[in-house]
Amino acid sequence: MSLPHAILTALLEKPSSGLELTRRFDRSIGYFWSATHQQIYRELGKLEADGLIRALPSEQPARGQKKAYEVLPAGRAELARWTAAAQDPRPMRDAMLLRLRAAAVVGTEGIEADLRRHLELHERQLAEYEEIERRDFPPGRDSTEDRLRHLVLRAGIDLETFWTGWLRHALAEFAELPRPEQR
């Protein structure tokens, strides 16, 4: 996935200013595709220069006025092209897994505490996703748009469920490891 496509998606859902987009990224799209405010503003400029979006006409003077953007037909076509194109899954890159592999050769100092911290963070994220699901996807919301958005949220729930289960398993393994003084 790429940031331009995430922005095109968000703008097709609702024309927005850069500030509104950054807030929406913080509340929704950012859960699975993060971007800094600077990256979003920089990408808006590129998309506008490429003729994929345009700033909506403003009734007030432009100086100090936030610009709202909408997607042009070329932007919709680009997003449709990208959506339809095949993409291979990306290999997983997770620093915790690499750190565990490294711990096998240099020792486990600090890893168990960080596993506990990660478990707490993933439990918190899982609870947040489950609350969003309860609030935003009650039974009966089955339009195509709702079902696809719910699928994205379910991916987040399932990933957090995986991580919390895996981290509990990892901590159980750590509990059975001989302590450094026993090695």
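Each remark here, short or long, concerns the structure printed above.
Here the residue numbers are simple positions, counted from 1 along each chain's written sequence. At least 70 in pLDDT is required for a residue's local features to be given in this predicted model, at least 80 for side-chain atom pairs to be given and counted, and no such filter applies to totals for whole chains, interfaces and linings, which use all residues. For side-chain calculations, the full set of non-hydrogen atoms in the structure is used, while hydrogens and water are omitted.

Considerations on the nonpolar core
- With 19 residues, the main nonpolar core has Ile 7, Leu 11, Phe 25, Leu 44 and Ile 53 as its most contacted residues.
- By the criteria applied, helices consist of DSSP H or I runs no shorter than four residues and strands consist of E runs no shorter than two, each listed in order from the N terminus. Mapped by element, the contributors of at least two residues to this core are α1 (3–13), α2 (18–27), α3 (37–49), β3 (68–71) and α4 (73–84).
- When residues of this core are assigned to their parent elements, the largest contribution, six residues, is made by α1.
- Not counting chain neighbours up to four residues away, the residues in contact with Ile 53 comprise Leu 8, Leu 11, Leu 44, Leu 47, Glu 48, Tyr 69, Glu 70, Val 71 and Leu 72.
- Of all hydrophobic cores here, the second largest spans nine residues; its members include Met 96, Ala 103, Leu 167 and Ala 170. Only buried Ala, Val, Leu, Ile, Met, Phe, Trp, Tyr and Cys residues count toward a nonpolar core, and they belong to the same one when joined by side-chain atoms within 4.5 Å. Here's how the labels work: a residue is buried when its accessible area is under 20% of the maximum for its type, exposed when over 50%, partly exposed in between, all with a 1.4 Å probe on protein chains only. Should any heavy atoms of two residues lie within 4.5 Å, those residues are considered in contact.

Thoughts on the packing of aromatic side chains
- Two rings belonging to Phe, Tyr or Trp (six-membered ring only in the last case) form a pair when the distance between their centres is within 6.5 Å. Interplanar angles under 30 degrees mark stacking, angles over 60 mark edge-to-face geometry, and anything in between is tilted. For the structure shown, the criterion picks out three aromatic pairs.
- Summarising the aromatic geometry, the rings of Tyr 31 and Tyr 129 are spaced 5.2 Å apart at their centres and angled 85° between planes, so their arrangement reads as edge-to-face. With Tyr 31 in the loop between α2 and α3 and Tyr 129 in helix α6 (residues 111–136), this residue pair connects regions lying 98 residues apart in the sequence.
- Through pairs of rings, three or more aromatic residues link up here, namely Phe 162, Trp 163 and Trp 166.
- In this arrangement the basic side chain of Arg 141 is found over the ring face of Phe 137, its NZ or CZ atom lying 5.6 Å from the centre. Only when the NZ of Lys or the CZ of Arg is both within 6 Å of the ring centre and within 35 degrees of the ring normal is a charge said to sit over the ring.

Brief notes about the packing of helix α5 (residues 95–106) against α6
- α6 packs onto α5 with a crossing angle of 160° between their chain directions and a minimal axis gap of 11 Å. Taken as axis vectors, α5 and α6 run roughly antiparallel relative to one another. At the point where α5 passes α6, the crossing takes the left-handed sense. Seen from α5, the contacting residues are Met 96, Arg 99, Leu 100 and Ala 103; seen from α6, they are Ile 111, Asp 114, Leu 115 and His 118. As a rule, the C-alpha atoms of each element are fitted with a line to give its axis, helices using only the stretch in contact, and angles between N-to-C directions run from 0 to 180 degrees. Every angle not falling under 35 degrees, over 145, or within 65 to 115 is termed oblique; those three ranges are roughly parallel, roughly antiparallel and roughly perpendicular. If you view the pair so one helix is near and one far, a crossing is left-handed when the near helix is turned anticlockwise from the far one by less than a right angle, and right-handed when it is turned clockwise.

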